[in-house]
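Here is what each chain is made of, one letter per residue.
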Amino acid sequence: MHFKVRAAAKEDCKEISRMIMELAVYENMADQVKTSHEDLKRDGFSPNPFYECLIAEVPDEHKTKDGHCLAGRSTCGHVSVSGQRQPGYTVVGYALYFYTYSTWKGRSVYMEDLYVMPDFRGKGIGTGLMAKVAQVGVEKQCVRLQLSVLEWNKPSLDFYIAKGAEDLTAKEGWHFLRFHGQTLDTLAKEAPKD
């Protein structure tokens, strides 16, 4: 199947938001999603964005059975580099990523989400998105691409390992930890006063 991968535009945020929710439903965590398409616009398309995102599109003839189109429009379109909408494509996946830094290795790229709608899986689109994230990272002199996978999500884990990823939990014993909500607020209050 022919598909295109391009940088997301501000106009894609409603579609990205929809797919974030689809991914959360698949991961049995829909109640955890608090970001809106407006948050995505603010955080990804400001002068100092917190993330970058890639979009996968297929020609309109492959539109989903639900008729999903770019930005929820009834007529699908493609945003070219010039920003002009070109008819003929519908959004079917995304990869959201950002940059981190390893004190041992240097520049890194972290892929927060990789999602392809179920009707379009197994067609190389997920590989295409992930490979483009890797390419962007290499171009920015990142030395590694990191991501996390839910323990029970064996299809995704197998996919990443088949592509050459190392399972650091199994290999090196790393645990992925998080402070959030009240624990984050409490920790922030312990910061030294200026």
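Residues numbered from 1 in each chain as written. Predicted model: local features only at pLDDT ≥ 70, side-chain atom pairs only at ≥ 80, totals over all residues. Heavy atoms only, no water.

Where an unreviewed UniProt entry is consulted, the chain appears under the name N-acetyltransferase domain-containing protein, with the organism given as Oncorhynchus tshawytscha. UniProt, in its Sequence similarities (unreviewed entry) section for the chain, records the words "Belongs to the acetyltransferase family." (UniProt positions renumbered as here; feature names shortened; annotations may be inferred.)

(A) Structural context of helix 3 (residues 125–139). If you check helix 3, its first and last C-alpha atoms are 21 Å apart, about what 15 residues at 1.5 Å a residue would give, namely 21 Å. Taken together, the buried positions of helix 3 are occupied by I125, G126, L129, M130, V133, V136 and G137. Seen from one end, helix 3 has its buried residues packed into an arc of 140°, which puts them on one side. Opposite the packed face of helix 3, turned more than 90 degrees from it, sit the exposed residues V138 and E139. At its buried positions, helix 3 is contacted by strand 1 (4–7), strand 2 (52–59), strand 5 (89–102), strand 6 (106–116), strand 7 (144–146) and helix 4 (154–162). Positive backbone phi, approximately 65°, marks Q141, located one or two places after helix 3. (Helix = DSSP H or I, 4+ residues; strand = E, 2+ residues; numbered from the N terminus. Expected span 1.5 Å × (residues − 1). Buried < 20%, exposed > 50% of the residue type's maximum accessible area, 1.4 Å probe, protein only. Arc of directions from axis to C-beta. Contact = heavy atoms within 4.5 Å.)

(B) Focus on unusual backbone geometry. Positive phi outside glycine occurs at N28, with the angle close to 60°. Within the fold, N28 resides in the loop between helix 1 (13–26) and helix 2 (37–44). Phi angles above zero are rare outside glycine, and Q141 is one such case at about 65°.

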